[in-house]
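The primary structure of each chain is shown beneath.
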Amino acid sequence: MKKVLAMVLLVLVMVPVLFAAGKAEAKSNYEIVVVPKDASNPWFVRMKVGVDEFAKGTHHTVYQRGTPDIDATLQAQLVQDLIAQGVDALCVVPVDLESIEPVLAQARKAGIVVITHEGADLENVDYDIEAFSNVGYGAFIMDNLAEAMGGEGVYTTMVASLTNGSHNEWADAGVAHQKANYPKMTLLAAEKRVESFDNGDVAYNVAKELFKKYPNLKGIMGTSSYDAPGVARAIEELGLIDKAFTSGTGMPLDNAALLESGIVKSLTLWDPALAGQAMIALAIKVLDGEKISGVVDLGVDGYTALQFKEGSKTVLEGEGWIVINKDNVYDFGF
Amino acid sequence: MKNRLKKLTSRNEPYIFLVLLAVCILIEIRSGQFFSPNNLVDIASAMIVPGLMAIGAFMVIVSGGIDVSFPALASLSFYATTKLLLDHNYQGGVVLPFLIAIGFGALLGAFNGLFISYFKLPTLIVTLGSSSVFKGLMQGALNSRQLAVIPTGMREWGKKALFVAKNPVSGLTSRMPVAFLVFLFALVFAFFLLRFTMFGRGIYAIGGSEVSAERAGFRVVLTKFLLYIMVGMIASVAGLIRVCMMQQAHPTNMLGMEMNIIAGVVLGGTAITGGRGTLLGCMLGTLLIVIVENSLILIGIPTSWKSVFTGALIIIGTGVSAYQVMHQGKTRSSKGKKQEVAQ
Amino acid sequence: MGESLLKAVNIYKSFVGVEALKNVTFEIKPGEIHCLAGENGSGKSTLIKIISGVYTPDAGYMEFEGKRFSKITPIDAIKNGIQVIYQDFSIFPNLTVMENLAFNSELADRRKLVNHKRMRQIAEEAIAKIDFKVDLDAIVGNLSVAEKQMIAISRALIFNTKLIIMDEPTTALTRREVSNLFKIILRLKEMGIAILFVSHKLNEVFEISENFTILRSGERVASGSTSDLDAKKFTYYMTGREFQVHRFEYEKVKEEPIFSVDKIGIEGSFSNISFDVHSGEIVGITGLLDSGRTELGLALFGIKPIEEGEIKMRGKRIKLTNPRRAIHNKIGYLPEDRLSEGLFLSQSIGDNIVISEIDNLSKAFGILDRKQRRDEIKQWVKNLAIATPNPANACQTLSGGNQQRVVLAKWLACDLDLLILNGPTVGVDIGSKHDIHSILQDLAKRGMGLIIISDDLPEVLENCSRILVLKNGQVVGDMLASESDEKKILSYMM
């Protein structure tokens, strides 16, 4: 039994090597591999769509390779195999920062360019791309809410918890953006920020209470992906459709019904397909020896004016947010 | 008359009822919204899931045990049910989902019951352990993540209203979910069971003295085993109702709610040592917690002070009943003395 | 006398190699009141459990009304009319009297639903059999011990009961409750029910039972008619030892008392109480449960500070506002309920002995002097003959009598002038009782003053030089022990 298992494992290990042997022809081109957290999650399936599209339009060898499950160890092994295979660049969306760090160090030692996404704290990388800055995204959510509210009325903000880092940064940025750009809107003074605990039911109950207590409340700026759907349920039940509005992060298919019914006009998100393309484009630039400084244009939507994050030499932030509404909700496949 | 009054004041329910009333009036004064029709319906609707959970937790505590696994149990069974139905592209009504969830609940409850009744292990240890096992099964075997889309039948049933209450002033409306009937049914069922069946009296008897129950002829092992199966079933029903009402199945949202549920049960005068407590008190205690949790914004408590307020309420509430018990102990001993003199 | 109701013949039973019963034969006839006596560990409980079917004997057989059984189950026992009333009465403190009474028969009838009407009827019939008046809707936990016992007895009568086994039924009862219980036992006898009364109290055995069986170390050492038994024989059978009962004799050494109280009182407990205790004297305080005797004891140790009057120690006025002050003034107290008040049961014997003098054993900065502590413990274990292989064992491993000695040791270690004992031998077997009495007398001879609070009249008469009788918080009798007897004390008490 054990022997059989060992054989199977050996074959599994050999597969990528054989695969690589077949591809080794196009040596003048770069071989660039995108490694997502896993291969089956719709988010990364969508990323693969972007990667494949990029592959069609380039003479470089570009493909995505993921492990069947989300597993930090498997991901590290896969990256090691790719290093052994001698690829030119690795674009990784790490599962676990700590366990991937030493493997990435090996890659760079072997002369491989390393680009990551959602790994801003990694050290052994050439560059890390973030879809957006917290400030930029917060302002973007506010734009969305303001549009729904017609640029006027009382609103408040909702976060998972008052201690959550990015949510509060988004909310702060949203409020600042409103003050600068939407003079007819006002932040509800009595309840400037409420908590949803990343729980749709809490968001729903809190929203109900808010609308009951403050009859002139017109909008709730959500942050977590549970906020807007929960608030939307309250809006629908209280009979406030088209009278009260919400915005926030949300996955397309999860919220298809809400968007189609018109309770929520639009949600915001970043598109993994574009993030995947941006990583590859950046890798090519680095391999070509281009200097990465100032404002970087990768030629990918939302990633045409990347800027270094304040105080960082590796983290680049884009404007890769997108609006999801009833028209494009089925375009993403997740 | 005097006797009846004395009986009433020696019980816990009137006190908890007064506290409840005081809280309601406070909310009304602060917001002017509490006694509006839509708010009352909101409270009733928010009561469904915790209320069901509390019925189960109450029965376990009366039997002298404590169960901290019911949120994990409910999560596993509703998640498995929803996923199973989605995988088979289920298009039917809500009956089958409930039957499946109840089946899972019975199975998982039997797991608890086996260790607690047959192997006589401490309930807290067993349920702490099974709670981890259930969570692990959900995350490991079922690879759980949020299921934002649930079967149509469940979604529609979750939005179905018995009636819609409208606030004449603000025009706000609230739905009374059909699920409320399930809660009422469970409540009546539990009431009947605990009061009019030997099985239910057996739960009280075991909570009072397990040794005596055994000697009196109660089938202690079987009673406890069935009890945990039943609690598993009730918790799973509550879990599935929550999924239907929320229109999505989130695997970890319910975890952690056991503390407030148990607090509510104890608040309602149920002795944590077992044997004593009424379903009425248990419901009043749970209602108090539900109302407070869902009215902090109405009262105007700042978000950052929320947990302090709920915590304080639990301490005060349980303190009152603890004081009651102490007080009773005192009057008992002085009464005993008087009788001695009188003889 | 006719056929025997129950016969247990040549019963053997051992537990993991330890023989609990060796060739024990026991017999009881219908309507007989039979006392089963023996010290702790003599095999009494094992025998009861075999008769009631809980244990199966290793050898021997039983006969119910002539029918022979080699083993029986608890259900068989109940069907044959045997009911056991355990010390805890097997009641449900959280439920009503009615439910407590009716559950057994409802379960025996395999009822699934509750019928309040039928249950009330069963309960009413049950209490009527012994004329027991009680509110059927009362919660049992709120009743007195005696009432709980009546419930257990009434419940036993619901079935076609022929034998009721009562395990130490008088332990927690007051004197009046005991005599009430005896009346009921006689009434049951009239109904033709046999009673097996388990006890180790001498006076009860003589008062109620017709016949007796005494076990010692798993063997039947004596049985027969109670009229053939006297106190000396009883004690000998129980312990295998002969004791010289000697009355305590006090010779006044000094005119000056070491301890005196003057018109002390606590509202609602006692008032206007004055007495002296001299060096080497043992003062007895007796009275009924509600007489204020316990409160007086607590007051003298500072647990319940007095509200009026004054207390003097060697002529100096002292204020006893808490137990630490009392200990500081060399007063010790041995509580009524030694288990809950006097000992840390899960702690070691040694620690329990030295706990009160912890201040004396500490060096600078409160660090314990370990060697001194060890010596101290060794000395007391030896002096008081505490039966333990190792003083580091937990206190709960000891028998009742030895626990009492540990409590004694604990206070003696403090080098006291006055020791107050409340019910010093409650729940202690006869052998240990004698030992404790001789220790107390010995202490007095060494110059300590003692106060014994007890309603065990022979104990007070035997060990005290002077006796105060309390009633309703007042001293109603003050006499020398040598000039009084039980009858005289009782006439003051009642």
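All values reported here derive from a predicted model rather than from experimental measurement. (Residues numbered from 1 in each chain as written. Chains lettered and ligands numbered in written order. Predicted model: local features only at pLDDT ≥ 70, side-chain atom pairs only at ≥ 80, totals over all residues.)

Undergrad: I tried to follow the overall build of chain B on my own but got confused; where do I start?
TA: Across its full length, chain B holds 15 helices and two strands. Taken over the C-alpha trace, chain B has a radius of gyration of 21 Å; the compact-globule value for 343 residues is 20 Å, and the two agree within 12%. Each principal axis of the C-alpha atoms in chain B carries an extent, and together these give about 75 × 55 × 35 Å. Residue burial in chain B is summarised as follows: out of 343 residues, 48% are buried. (Helix = DSSP H or I, 4+ residues; strand = E, 2+ residues; numbered from the N terminus. Rg over C-alpha atoms; globule rule 2.2 N^0.38 Å. Buried ≥ 20, exposed ≤ 12 C-beta atoms within 10 Å, placed from the backbone.)

Undergrad: Hey, could you run me through the environment of A:Glu130 in this one?
TA: Residue and element names in this part refer to chain A. Positionally, glutamate 130 belongs in strand β5 (residues 127–130). In this structure the C-alpha to C-alpha distance between glutamate 130 and glutamate 319, which are 189 residues apart in sequence, comes to 8.8 Å. The contacts of glutamate 130, once residues within four sequence positions are left out, are Ala120, Val315, Glu317 and Gly318. (Contact = placed C-beta atoms within 7 Å.)

Undergrad: What's the story with the interface of chain B and chain A in this structure? I'm lost.
TA: Interface size is commonly expressed as the accessible area that is lost once the parts come together. Chain B puts 24 residues into the contact, and the matching count from chain A is 24 residues. Sorting the residues of the side of chain B that touches chain A by element identifies α3 (37–62), β2 (173–177) and α14 (296–299) of chain B as the ones contributing at least two each. Residue composition of the side of chain B that touches chain A, by class: seven nonpolar, 15 polar and two charged. (Nonpolar A, V, L, I, M, F, W, Y, C, P; charged D, E, K, R; others polar.)

Undergrad: Whenever I open this one, the interface of chain C and chain B confuses me. Can you help?
TA: Counting from both sides, the interface comprises 21 residues of chain C and, opposite them, 24 residues of chain B. When residues of the side of chain C that touches chain B are assigned to their parent elements, the largest contribution, six residues, is made by helix α3 (residues 97–108) of chain C.

Undergrad: Just to check I follow, could you spell out the domain arrangement of chain B for this structure?
TA: All names here are of chain B. The domain boundaries assigned to chain B delineate domain 1 (1–35 + 276–343) and domain 2 (36–256). Between domain 1 and domain 2, the contact holds twelve residues from the first and 15 residues from the second. Residues of the side of domain 1 that touches domain 2, tallied by class, amount to eight nonpolar, four polar and no charged. (Domains from an automatic or database assignment.)

Undergrad: I would appreciate a short explanation of helix α4 (residues 116–129) of chain C in the present structure.
TA: Residues and elements named next belong to chain C. Compared with the 20 Å implied by 1.5 Å per residue over 14 residues, the 20 Å span of α4 between its first and last C-alpha is a close match. Turning to α4, its buried residues are Met119, Ile122, Ala123, Ala126 and Ile127. In a view along the axis of α4, the buried residues occupy a sector of 125°, so they form one face of it. Opposite its buried face, α4 presents the exposed residues Lys117 and Ala128, each directed more than 90 degrees away. Against the buried residues of α4 lie α3 and α5 (145–158). Phi turns positive one or two residues past the end of α4, at aspartate 131, with a value near 55°. (Expected span 1.5 Å × (residues − 1). Arc of directions from axis to C-beta.)

Undergrad: What am I meant to see in the sheet that holds strand β1 (residues 31–35) of chain A here?
TA: Across a sheet, strands are paired by hydrogen bonds formed along the backbone, either parallel or antiparallel in direction. Residues and elements named next belong to chain A. Read from one edge to the other, the open sheet built from seven strands follows the order β2-β1-β3-β4-β5-β13-β12, with strand pairing classed as mixed. Each edge of the open sheet carries a strand with a single partner, namely β2 (61–64) and β12 (307–308). Alignment of β1 against β2, held across four bridges, turns out to be parallel. Note that in β2 the partner of isoleucine 32 across the bridge is valine 62. (Pairing = 2+ DSSP bridges.)

Undergrad: Looking at this structure, how should I read the packing of α3(C) against α4(C)?
TA: When two helices pack together, their arrangement is given by the angle between the helix axes and by the axis-to-axis distance. Residue and element names in this part refer to chain C. Relative to each other, α3 and α4 sit at 100°, their axes nearing to 8 Å. By the criterion of interaxial angle, the relationship of α3 to α4 is roughly perpendicular. Counting all contacts with α3, which are made through Val97, Met98, Glu99, Leu101, Ala102, Ser105 and Glu106, the residues of α4 involved are Met119, Arg120, Ile122, Ala123 and Ala126. Taken together, the residues that form the contact of α3 with α4 break down as eight nonpolar, one polar and three charged. (Axes fitted to C-alpha atoms, helices over the stretch in contact; angles between N-to-C directions. Parallel < 35°, antiparallel > 145°, perpendicular 65-115°, else oblique.)

Undergrad: Hey, could you run me through α3(B) in this one?
TA: Residues lying three or four places apart along an α-helix face the same way, a consequence of the helix completing one turn every 3.6 residues. All names here are of chain B. In this model, α3 (26 residues) spans 35 Å end to end at C-alpha, consistent with the 38 Å of a helix rising 1.5 Å per residue. Roughly 40° is the biggest bend found in α3, and it falls at isoleucine 48, with proline proline 50 one to four residues downstream. Of all 26 residues making up α3, 22 are buried, and the element is well covered by its neighbours. Remark: glycine 64 follows α3 within two positions and exhibits a positive phi of approximately 95°. (Bend = angle between axes of the 7 residues up to and from the residue.)

Undergrad: Mind showing me how you'd approach the arrangement of the chains here?
TA: There are two pairs of chains in contact here; the most contacts are made by chains B and C. Of all C-alpha pairs spanning chain A and chain C, none lies closer than 39 Å, and the two are not in contact.

Undergrad: Looking at this model, I keep getting lost on the nonpolar core. Mind explaining?
TA: Nonpolar side chains tend toward joint burial in soluble globular proteins. Core analysis: the largest hydrophobic core is formed by 259 residues, its most contacted members being A:Leu90, A:Cys91, A:Ile115 and A:Ile280. Per-element accounting of this core gives the leading share, 17 residues, to helix α11 (residues 220–246) of chain B. Excluding residues within four positions of it along the chain, A:Leu90 makes contact with A:Val33, A:Val35, A:Val79, A:Leu82, A:Ala107, A:Ile112 and A:Val114. Residues C:Phe248, C:Phe270, C:Leu298 and C:Val475 belong to the second largest nonpolar core, which totals 60 residues. (Core = buried A, V, L, I, M, F, W, Y, C linked by C-beta atoms within 7 Å.)

Undergrad: Explanation requested: the pairing of strand β18 (residues 449–453) of chain C in the structure shown.
TA: Where a strand is regular, its side chains alternate between the two sheet faces. All names here are of chain C. When you tally the buried positions in β18, you get five out of five residues, the bulk of the element. Side chains Gly449, Ile451 and Ile453 project from β18 onto one buried face, and the interleaved Leu450 and Ile452 project onto a second face that is buried too. Summarising the sheet, strand β13 (residues 282–287) and β18 pair through four bridges and their orientation is parallel. The residue of β18 that forms the bridge with glycine 284 is isoleucine 452. As paired elements, strand β17 (residues 418–422) and β18 share five bridges and run parallel to each other. Residue pairing across strands places leucine 418 opposite glycine 449, the latter belonging to β18.

Undergrad: Explanation requested: the sheet that holds strand β2 (residues 18–28) of chain C in the structure shown.
TA: Residues and elements named next belong to chain C. Spatial strand order, β2-β1-β4-β5: four strands in an open sheet with antiparallel pairing. In the strand order of this sheet, the two ends are held by β2 and β5 (67–69), each with one partner. Taken over all neighbouring pairs, the strand axes of this sheet differ in orientation by 20° on average, direction set aside. As paired elements, strand β1 (residues 6–15) and strand β4 (residues 59–64) share five bridges and run antiparallel to each other. By the bridge assignment for β4, alanine 8 is matched with methionine 62. Set on the sheet, helix α1 (residues 44–51) makes contact with β1 and β2; between it and β1 the angle comes to about 120°.

Undergrad: What is the right way to look at the domain arrangement of chain C in this model?
TA: All names here are of chain C. Under the domain assignment used here, chain C contains domain 1 (6–239) and domain 2 (259–493). Domain 1 and domain 2 are separated by 35 Å when their C-alpha centres are compared. Every contact between the two is made by nine residues of domain 1 and, on the other side, nine residues of domain 2. Per-element accounting of the side of domain 1 that touches domain 2 gives the leading share, three residues, to helix α8 (residues 231–239). Across the side of domain 1 that touches domain 2, the residue classes tally to one nonpolar, six polar and two charged.

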